[in-house]
Amino acid sequence: MARNVLDDPLLNKGTAFTLDERARLGLDGLLPPAVETLDEQAARAYGQFRRQPTDLAKNVFLGALQDRNEVLFHRLLADHMREMLPIVYDPTVAEAIKNYSHEYRRPRGVYLSIDDIDGIERALGNAGLGRGDVDLIVASDAEQILGIGDWGVGGGAGIAAGKLAVYTAAAGIDPARVIPVALDVGTDNEALLNDRLYVGLRHARVRGERYDAFIDAYVSAATRLFPEAMLHFEDFGPGNARRILEKYTGRVPAFNDDMQGTGAIVLAAVLAAVRISGTPLREQRIVVFGAGTAGIGIADQLRDAMVRDGLDREPATRRIWAVDQQGLLCDDMPDLRDFQRPYARPGDEVAGWAMGGSGVGLAEVVRRVRPTVLLGTSTAGGAFTEEIVKAMAAEVDRPVILPISNPTERMEARPDDVIRWTDGRALVATGVPADPVEHDGVTHVIGQANNAMVYPGLGLGTVVSRARRISDGMLQAAAEAVAGMVDVATPGASLLPEVENLRIVSATVAVAVARRAAEEGLARVELGNPVQQVQDAMWEPAYRPADGR
Ligand SMILES: NC(=O)C1=CN([C@@H]2O[C@H](COP(=O)(O)OP(=O)(O)OC[C@H]3O[C@@H](n4cnc5c(N)ncnc54)[C@H](O)[C@@H]3O)[C@@H](O)[C@H]2O)C=CC1
Ligand SMILES: CC(=O)C(=O)O
Ligand SMILES: [Mg+2]
């Protein structure tokens, strides 16, 4: 019994158990005599963290700490947000995912298997949480983890845990009220299938009807067991991400982070850029390079924002050019995905444009379109070459360049290069954290255009309002709240709020989102004082008396 407390990371305080608590819980003699404060424990843990030799080792260390003591883990993360967020999340989480089966120590969350669809409800129930005990479930089938592709069970488990750590660090989502879920449908990653340490299902990805039935069984069981929970979908492949969201969004609070969270954060960055450059949103020309889940998710939110800025839907859509592996998307292409089709250009528009081996390439699109915004969601590291960036900058005073593919090696361009190539005129944000760039006496702070800057607040607002579903209006409110917090007056200031301010940003976003949910009739609770309700809902990493959390 006593051992259970020390073994439960949500209850364990280690050496911070008081003598009284030790006596009451039967822990006498099971801990060294010193009674420490959380501060003292955090100082020790930070020293241990610093002594880890690599970022991966740091990630493994923090994971093990979280498995022992959630409060201490989150306290450390809160105290060292800028240093540790890149370790538990983007970009090191990618490294951790690749090494999941080799570094595996303990399970975290729930693992659902496509080979046991009938066992889904039982497995979710085994998490040991009751009907009103769950605010949020993050699930991933790991087909497109960040920009690194299919990483099977470790991808699902790793990204769900990483996203949830950010929910708590950034928005105070209670770590006792969440479940990370790995949806294991197999993997097409040969390296995993042939690795004898791989801990997932050892067969190819299941697709088609059985896959759909599995996802359906997951959503049904999750909503039956935890009717208040928001369902966050992460890193599904382009053939499934949008399809799944569209299927469930009207019925449950389903959220696709790659489409919707990324769309909101990029919209926020573009709204901030509009305020800096003075060129209205409806006059922007936007090139989206990488027309997948994120790219088109972003395009949709930018289009909708241009409509709000006064354009009709069709002319707004026409201000966005989408480029993928087959070049500029055109309506005579036989292999377009249905969600790409609205952005395909009429064939006659590009008559006379230079064609390469793979259609009209990015360089030609930039030359012809003269974009004001260039967005990278392609996974193609280095694709925004000096020539392309300079061609863009030759036509536009303040080019907005957003190479947001993750992790680091997938970035379409490095921010220091972009600033240099444009002589400091570019407005840049990247998906991974980046150091400030000094140029010509100005310090350019590089904003992190990562959905982590917005989904925690969006989730908190959804949780506080108990929103029935997540609407476009709620996403818009989130984006506008973020954009409203940006300093647009100081030369070189970041296009997005700083990571250190993430809790303030999340609280502000949450209030805006909860209010919008209430206005749209989606809230399931009364929002008398949303500012206070959001504050009250934010979990703090501090020890509670051992009797009750
Ligand atoms: N910063 C952020 O918050 C986020 C960043 N991303 C990043 O965006 C990237 C894409 O993610 P998803 O949209 O989920 O993947 P996805 O697989 O749905 O989309 C990627 C698209 O890029 C295309 N592509 C691949 N190579 C290309 C090339 N050489 N040239 C042109 N197009 C190419 C693919 O055909 C596909 O349509 C990833 O690197 C991911 O990390 C995704 C979500 C959020
Ligand atoms: C950040 C994120 O969600 C991605 O790169 O997929
Ligand atoms: Mg993602």
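Residues numbered from 1 in each chain as written. Chains lettered and ligands numbered in written order. Predicted model: local features only at pLDDT ≥ 70, side-chain atom pairs only at ≥ 80, totals over all residues. Heavy atoms only, no water.

Trainee: Outline the site of ligand 1, supporting the account with residue identities and numerical values.
Mentor: As a structural note, the neighbourhood of ligand 1 is formed by 25 residues, with Thr 293, Ala 294, Asp 324, Ala 449 and Asn 451 the closest of them. One of the side-chain nitrogen or oxygen atoms of Asp 324 is found 2.5 Å away from an oxygen atom of ligand 1. Gln 325 is positioned with one of its side-chain polar atoms (N or O) 3.0 Å from an oxygen atom of ligand 1. When ligand 1 is considered free in solution it has 850 Å² of accessible area, and contact with the protein chains removes 88% of it. Judged by the fraction of its atoms near the pocket grid, ligand 1 is located in the largest pocket. Considered class by class, the residues forming the shell around ligand 1 number eight nonpolar, 15 polar and two charged. (Near = heavy atom within 4 Å. Polar contact = N/O pair within 3.5 Å; in protein donor to acceptor, adjacent residues only side chain to side chain. Areas by Shrake-Rupley, 256 points an atom, 1.4 Å probe, with all protein chains shown as cover. 1 Å grid on protein atoms, 1.4 Å probe; cavity = no way out; pocket = protein on both sides within 12 Å on 5 of 7 lines; lining within 4 Å. Sits in = over half its atoms within 2 Å of the grid points. Nonpolar A, V, L, I, M, F, W, Y, C, P; charged D, E, K, R; others polar.)

Trainee: I'd like to hear about the nonpolar core, residue by residue, with values.
Mentor: Core analysis: the biggest nonpolar cluster contains 134 residues, and Leu 62, Tyr 167, Leu 328, Leu 362, Leu 402, Leu 495 and Leu 496 have the highest contact counts within it. Sorting elements by how many residues they give to this core places helix α14 (residues 257–277) first, with 11 residues. (Core = buried A, V, L, I, M, F, W, Y, C linked by side-chain atoms within 4.5 Å. Buried < 20%, exposed > 50% of the residue type's maximum accessible area, 1.4 Å probe, protein only. Helix = DSSP H or I, 4+ residues; strand = E, 2+ residues; numbered from the N terminus.)

Trainee: Any details on the coordination of the magnesium ion (ligand 3)? Residues and values, ideally.
Mentor: In the first shell of the magnesium ion (ligand 3), the protein supplies Glu 234 (OE), Asp 235 (OD) and Asp 258 (OD), at 2.0 to 2.1 Å from the metal. Sequence positions of the residues that donate to the magnesium ion (ligand 3) give the spacing E-D-x22-D. Asp 235 carries the same exposure label as Glu 234, and that label is buried. (Donors = N, O, S within 2.8 Å, 3.2 Å for Na, K, Ca; no water.)

Trainee: Give me the lowdown on the layout of surface pockets, citing residues and values where you can.
Mentor: The calculated volume of the largest pocket comes to roughly 710 Å³. Looking at the lining of the largest pocket, its residues break down into 11 nonpolar, 17 polar and seven charged. When residues are assigned to domains, the lining of the largest pocket turns out to be shared by domain 1 (92–252) and domain 2 (260–450), each giving three or more. Of the pockets and cavities examined, the second largest pocket occupies roughly 610 Å³. Lining the second largest pocket are 26 residues; nearest its centre among them are Pro 9, Leu 10, Glu 70, Arg 108 and Gly 109. Every element with two or more residues in the lining of the second largest pocket is listed here: α4 (55–68), α5 (70–79), α10 (152–171) and β3 (178–184). For the lining of the second largest pocket, the leading source of residues is α10, giving four residues. Each residue belonging to the lining of the second largest pocket can be placed in one class, and the counts come to 14 nonpolar, five polar and seven charged. (Points joined across faces, edges and corners; volume = space filled by probe spheres on them. Domains from an automatic or database assignment.)

Trainee: Can you tell me about empty space enclosed by the protein, naming the residues and giving the values?
Mentor: Under the defined criterion, the tally for this structure stands at four cavities of 30 Å³ or more. Taken as a whole, the largest cavity holds about 530 Å³ of empty space. Among the secondary structure elements, those contributing two or more residues to the lining of the largest cavity are α4, α7 (92–98), α8 (100–103) and α10. Residues belonging to the lining of the largest cavity are distributed by class as follows: 15 nonpolar, six polar and five charged.

Trainee: So what's going on with the sheet that holds strand β7 (residues 320–324)? Residues and values would help.
Mentor: The strand order across the open sheet built from seven strands is β8-β7-β6-β9-β10-β11-β14, with neighbouring strands paired in mixed fashion. On the outer flanks of this sheet lie β8 (327–328) and β14 (447–448), each paired with one strand and no other. Pairing between strand β10 (residues 400–403) and strand β11 (residues 427–430): two bridges, direction parallel. Its bridge partner being in β11, Val 400 is matched across the sheet by Leu 427. Where α14 meets the sheet, its contacts fall on β9 (373–376), β10 and β11, and the angle it forms with β10 comes to roughly 160°. (Pairing = 2+ DSSP bridges. Contact = heavy atoms within 4.5 Å. Axes fitted to C-alpha atoms, helices over the stretch in contact; angles between N-to-C directions.)

Trainee: Describe in detail the sheet that holds strand β1 (residues 110–113), supporting the description with residues and values.
Mentor: Here we have five strands laid out as an open sheet, ordered β1-β3-β2-β4-β5, and parallel in their pairing. Both outer strands of the open sheet, β1 and β5 (254–256), are each paired with one neighbouring strand and no more. The mean angle between the axes of side-by-side strands here comes to 25°, regardless of whether they run parallel or antiparallel. Sitting on the sheet, helix α13 (residues 241–248) is in contact with β4 (230–234) and β5, with an inclination near 160° to β5.

Trainee: Report on the domain arrangement of the protein, specifying residues and quantitative values.
Mentor: Per the domain assignment, the segments of the protein are domain 1 (92–252), domain 2 (260–450) and domain 3 (455–537). In this structure, domain 1 and domain 2 have C-alpha centres spaced 30 Å apart. Contact with domain 1, which involves 12 residues of that partner, is made by 12 residues of domain 2. Interface of domain 1 and domain 2: buried area, both sides summed, is about 890 Å²; carbon and sulfur atoms make up 54% of it. On the domain 1 side of the interface with domain 2, the three residues burying the most area are Gly 147, Pro 238 and Arg 242, jointly 55% of the side's total. In this structure, the connection of domain 1 to domain 2 is made through one salt bridge. Across the domain 1-domain 2 interface, the total number found is three residue pairs in polar contact (both at pLDDT 80 or more). Looking at the side of domain 1 that touches domain 2, the elements that each hand over two or more residues are α7 and α13. Counting residues per element, the side of domain 1 that touches domain 2 draws most heavily on α13, at three residues. (Buried area = accessible area lost by both parts, 1.4 Å probe. Salt bridge = Lys/Arg side-chain N within 4 Å of Asp/Glu carboxyl O.)

Trainee: Residues and numbers for the UniProt feature "binding site: (S)-malate" (unreviewed entry) in the protein, please.
Mentor: Here, the residues flagged by UniProt with the feature "binding site: (S)-malate" (unreviewed entry) are Asn 406 and Asn 450. For this annotated set, covering 45 residues, all C-alpha atoms fall within 9.1 Å of each other, a compact arrangement in space. If you take the residues mentioned a moment ago, the ones lining the largest pocket come down to Asn 406 and Asn 450. The residue Asn 406 is located in the loop between β10 and α19 (415–421) in this model. Among residues more than four places away in sequence, those in contact with Asn 406 are Asp 90, Leu 146, Gly 147, Gly 431, Val 432 and Asn 450. Within the secondary structure, Asn 450 sits in the loop between β14 and α20 (455–465). Using a relative accessible area of 2% as the deciding quantity, one classes Asn 450 as buried. At 2.6 Å, the side chain of Asn 450 and the side chain of Tyr 89 are in polar contact. (UniProt positions renumbered as here; feature names shortened; annotations may be inferred.)

Trainee: Give me the pairing of β9: which residues, what numbers.
Mentor: By the alternation rule, side chains of β9 split into Val 373 and Leu 375 and Leu 374 and Gly 376, which are all buried. As paired strands, strand β6 (residues 286–289) and β9 are joined by four bridges and run parallel to one another. Residue pairing in the sheet places Ile 286 in a bridge with Val 373 of β9. Bridge count for β9 against β10 is four bridges, and the pairing is parallel. Bridged to Val 373 within β10 is Val 400.

Trainee: How would you summarise α10 if you had to cite specific residues and measurements?
Mentor: Here α10 spans 28 Å end to end across 20 residues, near enough to the 28 Å set by a 1.5 Å rise per residue. Judged by how many residues are buried, α10 sits mostly within the fold: 20 of 20 residues are covered. Backbone geometry just downstream of α10 places Gly 172 in the positive-phi region, at approximately 65°. (Expected span 1.5 Å × (residues − 1).)

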